[in-house]
Amino acid sequence: MKSGLPLNMAIFRFLTIVFMLYFSPEIAQGSQFSSSIETTEKSKLQTYIVHVKQLERSTTAQQENLESWHRSFLPVATATSDNQERLVYSYKNVISGFAARLTEEEVRAMENMDGFISARSEKMLPLLTTHSPDFLGLHQEMGFWKESNFGKGVIIGVLDSGVLPSHPSFSGEGIPPPPAKWKGTCEFTASECNNKLIGARSFNVGAKATKGVTAEPPLDDDGHGTHTASTAAGAFVKNADVLGNAKGTAVGMAPYAHLAIYKVCFGPDCPESDIIAGLDAAVEDGVDVLSISLGAAAVPFFQDNIAVGSFAAMQKGIFVSCAAGNSGPFNTTLSNDAPWILTVGASSIDRSIKAAAKLGNGEQFDGETLFQPSDFPATQLPLVYAGMNGKPESAVCGEGSLKNIDVKGKVVLCDRGGGIARIDKGTEVKNAGGAAMILVNQESDGFSTLADAHVLPATHVSYAAGLKIKAYINSTTTPTAAILFKGTVIGNPLSPAITSFSSRGPSFASPGILKPDIIGPGVSILAAWPFPLDNNINSKSTFNIISGTSMSCPHLSGIAALLKSSHPDWSPAAIKSAIMTTADLLNVGGKPIVDERLLPADIFATGAGHVNPSRANDPGLVYDIEPDDYIPYLCGLGYTDTEVGILAHRSIKCSEESSIPEGELNYPSFSVALGPPQTFTRTVTNVGEAYSSYTVTAIVPQGVDVSVNPDKLYFSKVNQKLTYSVTFSHNSSSGKSSKFAQGYLKWVSGKHSVGSPISIMFK
């Protein structure tokens, strides 16, 4: 495409439309720009994300006319009075295209236009600490925090529900001004932004079109965004607690890093058009790290606009960290599984806010709750199971389901699940006159319990405990129970453990890439909150404890910022490699990390393992990937030239690329569908000592032979690259005991251990 041609096409198209409208109404009525479109009912309008061929930007004039190029695709009915309303966003950086309010008929007409690639209706993407820094080995006086200058000079962009700028977690005291490259703006008053909170913007045009949201500043009216931003880079705040529990100093992972906030969520769902606009602005503004705690079910990468936008960010050297999703413990439930994204699963820390259910027969079962009132008596009260009437909605304590059950003054047992939020179950019990609640896990949640700010005395117990409590209820005509509050307890030897909700691999879009990449703290995480939980409206230092991969993601975003500060020359892929190859495989008790069943977790739950920030700062070797290295990989997925071009932001001919299998991408892990023997190559870059040698060791997957060539690597300088190959083949003598096997490959020197997980799916 010659420079300027799309602009000329746009002008020609506009003049043709004008001619048809004013001089030949008969032609106009019969054309693809039919006047009937003007009468399309507003109720049929949807927001579409439209991908078009890229307008070459060799001149400033062309760049300024990018919006005109996008407008030229809109049907004639929008060329006059309706135009401003219909064009939602014109994107500049992360996708080649725009968002617009269109009907199906208008989209079909658009498909015949030169330069059109694709259009899909937008998706609504759901929003997916005093102790976690210490749990991760980050200490204020020494170690990695000091070595990385606490993230000084790095800008973290957070796409979420906004922020409360007045919270002390966002104080700019002691933080230097942002780097000169920063181009962003603050939509709060000048006094509300500072050297910590350097930018805050709101993108709500999509939400306005679909939800009727009015224009507003990027103020957080949900809590999610304030929590995630402070987890990533909150300042030191002494004397933090939540309802008297988890007392200590609250701080984010990168306390001296800068924060740029992009509000793209207005309620629990986030319009895709607003998300892309936030991404587009973040790239333009000059962020170094993007933290995205939202997502949807996996689709092919060229249909996933977070993947498309993140690819553009990665091309500009921006590290992207995303939540893996909260759809576990079931396999193939991941969100954000593109290989240029760090996909983060959730694990527990060794702190719990304990409360026990003590039964009338003396049995006692530990659980968790954040609300622990000191004036609630530890005396036995009548105990009743909400599902005693046989109605499923009563068992899960759905709204209005307890009206005909006598629960007044009793402890009520409610089952988890049923699409009812955990805290809402307690609200139903309280409204029905219940005195307290025991919340019992479903079988799929196993032993994973959470500390929530319940509205009444409660405890959340495991599935196994629930079975025993129900058996006790059925064994007597007068069952009783008491809730005993035990407060904050630190020191669980089973932590970190995979929590039940953390989404699992394998990847849907690319099974040959092992996902998730890493796990990090995501269970009962304390961080800033925009409003008090105890109705103390005078408090400015408010915190909350919540759970989700949304909480894990900003932990890793902050750690990536620390690594970027410590190693400014590292690429996003090098930072990801350092995080993955140094991860912990054992819990604090020295045993393999377990899942919600208290069984050893597989690598579709853990990925490379649990993040170890200090080791990631000195990984020895890294597996680096240049942006163009992904093109042969994408062609190897079977994508068309156009589909690869959507991701690459340029024209691609896969026939001229050396397409590679998924497993050949220079990734720090191996995911193999094993039939005939397969060989993959990897290239490692020495970022440790100049003169160093590494020897390979392996925990070989059952039923598999693993051969590595060479089995020793000798380096003589920093940044030297060496390549090795790994061959996987069936081991006929050991048999094939299952459809899946896992293991690990490690390169070991006197100082470093560079690990890569291996997953094998037998064909």
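Per UniProt, the comment on the protein under Subcellular location (unreviewed entry) is "Secreted". Listed under Sequence similarities (unreviewed entry) in UniProt, the entry text for the protein is "Belongs to the peptidase S8 family."

Peer 1: Would you take a moment to explain a nonpolar patch on the surface for this structure?
Peer 2: Together, Phe 447, Leu 494 and Leu 598 make up an exposed nonpolar region whose accessible area comes to about 240 Å². With respect to the element layout, Leu 598 can be found in the loop between α17 (572-581) and α18 (603-606).

Peer 1: I'm lost on the sheet that holds strand β25 (residues 621-622) in this one. Help?
Peer 2: In a beta sheet, neighbouring strands pair by backbone hydrogen bonds and run either parallel or antiparallel. A sheet is described by the order of its strands in space; here 4 strands give the open sequence β25-β27-β31-β29, paired in antiparallel fashion. Among the strands making up the open sheet, the edge pair consists of β25 and β29 (704-709). Alignment of β25 against strand β27 (residues 678-686), held across 2 bridges, turns out to be antiparallel. Along β27, the bridge assignment pairs Leu 621 with Asn 686.

Peer 1: Looking at this model, I keep getting lost on the pattern of salt bridges. Mind explaining?
Peer 2: Pairing between side chains becomes possible if they bear opposite charge and their charged atoms approach one another. Scanning the entire structure with this criterion turns up 21 salt bridges. Glu 104 is paired through a salt bridge with Arg 108; the nearest N and O atoms lie 4.0 Å apart. You can see Glu 104 and its partner Arg 108 sitting in helix α6 (residues 104-110), 4 residues apart, about one turn around the helix. Relative accessible area serves as the criterion here: at 46%, Arg 108 is assigned to the partly exposed category.

Peer 1: Please clarify how the nonpolar core should be interpreted in this entry.
Peer 2: Among soluble globular proteins, nonpolar side chains are generally buried collectively. Formed by 109 residues in total, the largest nonpolar core has its most connected members in Ile 156, Leu 294, Phe 301, Trp 340 and Ile 579. Ile 579 has contacts with Phe 319, Leu 342, Ile 518, Leu 556, Leu 563, Val 611 and Ala 616, leaving out every residue within four places of it along the chain. By size, the runner-up hydrophobic cluster in this structure holds 23 residues, among which are Val 672, Leu 713, Phe 715 and Phe 728.

Peer 1: Would you explain the environment of Lys 146 in this entry?
Peer 2: With respect to the secondary-structure elements, Lys 146 resides in helix α8 (residues 144-147). Looking at Lys 146, the relative accessible area reads 46%, which means it is partly exposed. In this structure the C-alpha to C-alpha distance between Lys 146 and Ser 566, which are 420 residues apart in sequence, comes to 9.6 Å.

Peer 1: Looking at this structure, how should I read the packing of helix α10 (residues 224-233) against helix α16 (residues 549-566)?
Peer 2: Helix packing geometry: the angle between the two helix axes and the distance between the axes. Contact pair α10 / α16: the axes reach a minimum separation of 7 Å and the direction vectors enclose 35°. Considering the relative orientation of α10 and α16, their crossing is right-handed. When α10 is examined against α16, the residues His 224, His 227, Thr 228, Thr 231 and Ala 232 are found in contact with a partner set consisting of Ser 550, Met 551, Pro 554, His 555 and Gly 558. Split by residue class, the contact of α10 with α16 holds 3 nonpolar, 7 polar and no charged.

Peer 1: Explanation requested: the packing of aromatic side chains in the structure shown.
Peer 2: Think of a pair of aromatic rings as described by two things: how far the centres are apart, and how the planes are tilted against each other in angle. In total, this model carries 20 aromatic pairs according to the counting rule given. Measuring from ring centre to ring centre gives 4.8 Å for Phe 311 and Trp 340, while their planes differ by 85°; the resulting arrangement is edge-to-face. Placement of Phe 311 in helix α12 (residues 305-315) and of Trp 340 in the loop between β13 (319-323) and β14 (342-347) is noted, with a sequence separation of 29 residues between them. Among the aromatic side chains, those forming a connected cluster through ring pairs are Trp 145, Phe 150, Phe 236 and Tyr 256.

Thresholds applied
Residues numbered from 1 in each chain as written. Predicted model: local features only at pLDDT ≥ 70, side-chain atom pairs only at ≥ 80, totals over all residues. Heavy atoms only, no water. UniProt positions renumbered as here; feature names shortened; annotations may be inferred. Patch = residues over 30% accessible without salt bridge, like charges linked within 9 Å, V, L, I, M, F, W, Y side chains within 5 Å. Areas by Shrake-Rupley, 256 points an atom, 1.4 Å probe, with all protein chains shown as cover. Salt bridge = Lys/Arg side-chain N within 4 Å of Asp/Glu carboxyl O. Helix = DSSP H or I, 4+ residues; strand = E, 2+ residues; numbered from the N terminus. Pairing = 2+ DSSP bridges. Buried < 20%, exposed > 50% of the residue type's maximum accessible area, 1.4 Å probe, protein only. Core = buried A, V, L, I, M, F, W, Y, C linked by side-chain atoms within 4.5 Å. Contact = heavy atoms within 4.5 Å. Axes fitted to C-alpha atoms, helices over the stretch in contact; angles between N-to-C directions. Left-handed = near helix turned anticlockwise from the far one by under 90°. Nonpolar A, V, L, I, M, F, W, Y, C, P; charged D, E, K, R; others polar. Phe/Tyr/Trp six-rings, centres within 6.5 Å; stacked < 30°, edge-to-face > 60°.

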